[in-house]
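# Structural overview for review
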Amino acid sequence: MSKVTLTPQDVASPVLIRAFTDNGNIRSVVADSELAALVSAGRVVILKGAFAPETMFDLRRAVVRWAKTTSPFPHGTSPNAHPNLNYHRIDDGQIVSSLQHIFHQNCFNDLGALTGDIGRLARSVAELMRDLQNRVAGTNFDFDLAGLRTKVLRYPRGGGYLSEHQHPLEPQRLGLITSLSRLSDDFEKGGTTFRTPFGFVDTNESHDIGDIIIFRYDLVHAVAPVDEEQAIDWKAESGKWSMLLELRATHRLSTAKV
Ligand SMILES: [Fe+2]
């Protein structure tokens, strides 16, 4: 983690914009072009209420059920050799990684292969996110081997985190992070942070369940440790849950900031 000391002048606020799902698309009260302008200037935008909380809870519970009935991917081999595999794995921070982290990752390389509730919910939420991403970024990515995959991450209370890093701006241009956690109920402290041209942005207070963060993909970002004073319970459902879309080609190009 960076040791840069920040003063109050260096702190900026995210731009909160009311959003909703309309006719099979996520819409906000401002035009897509305005969202794009804010994000490319380096503002962190949070689309408030893009998804209903009940949908997020349903998706989360479906992911937990799926992970309970699916053998975890073993440590010591790379999941990159299995580009079609849906897998999950607990990364407890013991294994050294180029991007240090503690989280339970659920990686959906093949949304179409998921059956039942998890398939229905993950496809529907991921598809709405993909449409939003493509509209605002002016891209045309799909869920396939040359394009996007979906991850649902749980950062447990007791210190789940992701160290500071950044991605190349092109070709993904922006990142989306959907929250599947209810603020104060699922965790208290910790959250996604950004270094922006306007100052340091901490989204912990404003990124609630069903909200989507949109950020320029080359902004340095991290997840601050979640409720560090507690003990980790890998079986609990609490903690900070995030769903994101990841372009496979840029995954390997993410770089840590130290
Ligand atoms: Fe990232």
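I will try to describe carefully the structure that is included in this document. Keep in mind it's a predicted model, so treat the numbers as computed, not measured.

Further remarks concern the overall build of the protein. A tally of helices and strands in the protein yields four helices and 14 strands. By the compact-globule yardstick of 18 Å for 258 residues, the protein fits well, its C-alpha radius of gyration being 17 Å. Referenced to the eigenvectors of the C-alpha coordinate spread, the extents of the protein come out at roughly 45 × 45 × 35 Å. The burial tally for the protein puts 37% of its 258 residues in the buried class. In the protein, once contacts between residues fewer than 6 apart in sequence are set aside, the share between residues at least 24 apart is 79%.

Turning our eyes to something else, we now look at the pairing of strand β2 (residues 25-28). Here β2 shows a clear split, with Ile-26 and Ser-28 buried on one side and none of Asn-25 and Arg-27 buried on the other. Joining the antiparallel neighbours strand β1 (residues 15-22) and β2 is a turn of two residues, in which Asn-23 adopts a positive phi near 55°.

We now examine unusual backbone geometry. Cis rather than trans, the peptide bond between Glu-170 and Pro-171 has omega equal to 0°. Not every positive phi belongs to a glycine, and Arg-173 is a case in point at roughly 70°. Residue placement: Arg-173 occurs in the loop between β7 (161-166) and β8 (174-179).

Right, let's talk about helix α2 (residues 53-68) for a bit. The end-to-end C-alpha distance of α2 is 23 Å, a good match for the 22 Å that 16 residues give at a rise of 1.5 Å each. Buried within α2 are the following residues: Met-56, Leu-59, Arg-60, Val-63, Val-64, Trp-66 and Ala-67. Buried residues of α2, viewed axially, fall in a sector of 165°; they line one side. Exposed residues on α2 whose side chains face more than 90 degrees from its buried face are Glu-54 and Lys-68.

Another point: the nonpolar core. Among the nonpolar cores identified, the biggest contains 56 residues, and Val-45, Leu-47, Leu-176, Ile-213, Ile-214 and Phe-215 are the most heavily contacted of them. Sort the elements by how many residues they give to this core and helix α3 (residues 116-137) lands first, with eight residues. Other than its neighbours up to four places away in sequence, Ile-213 contacts Val-44, Ile-46, Leu-176, Ile-177, Thr-192, Thr-203 and His-207.

Okay, the pairing of strand β11 (residues 212-216) next. A regular strand carries its side chains on alternate faces of the sheet. A large share of β11 lies buried, amounting to five of its five residues. Of the two faces of β11, the one lined by Ile-212, Ile-214 and Arg-216 and the one lined by Ile-213 and Phe-215 are each fully buried. Strand direction decides the pairing type here: strand β3 (residues 45-48) and β11, joined by three bridges, are antiparallel. When the bridges of β11 are listed, Leu-47 appears paired with Ile-212. Of the strand pairs in this sheet, β8 and β11 are connected by five bridges, and their pairing is antiparallel. Bridge pairing in β11 links Leu-174 to Arg-216.

A few words now on the environment of Leu-99. Here Leu-99 shows up in the loop between β4 (86-91) and β5 (101-108). Separated by 65 residues in sequence, Leu-99 and Glu-164 have C-alpha atoms that sit 7.9 Å apart.

What follows is about the packing of α2 against α3. Look at α2 against α3: their axes get within 9 Å of each other, and the N-to-C directions meet at 130°. The angle between the axes of α2 and α3 places the two elements in the oblique class. Where α2 crosses over α3, the two elements pack in a sense that is left-handed. Between α2 and α3, the residues in contact are Thr-55, Asp-58, Leu-59, Ala-62, Val-63 and Trp-66 and Asp-117, Ile-118, Leu-121, Ala-122 and Val-125, respectively. Of the residues assigned to the contact of α2 with α3, the class counts are eight nonpolar, one polar and two charged.

What counts and how
- Residues numbered from 1 in each chain as written.
- Predicted model: local features only at pLDDT ≥ 70, side-chain atom pairs only at ≥ 80, totals over all residues.
- Helix = DSSP H or I, 4+ residues; strand = E, 2+ residues; numbered from the N terminus.
- Rg over C-alpha atoms; globule rule 2.2 N^0.38 Å.
- Buried ≥ 20, exposed ≤ 12 C-beta atoms within 10 Å, placed from the backbone.
- Contact = placed C-beta atoms within 7 Å.
- Pairing = 2+ DSSP bridges.
- Expected span 1.5 Å × (residues − 1).
- Arc of directions from axis to C-beta.
- Core = buried A, V, L, I, M, F, W, Y, C linked by C-beta atoms within 7 Å.
- Axes fitted to C-alpha atoms, helices over the stretch in contact; angles between N-to-C directions.
- Parallel < 35°, antiparallel > 145°, perpendicular 65-115°, else oblique.
- Left-handed = near helix turned anticlockwise from the far one by under 90°.
- Nonpolar A, V, L, I, M, F, W, Y, C, P; charged D, E, K, R; others polar.

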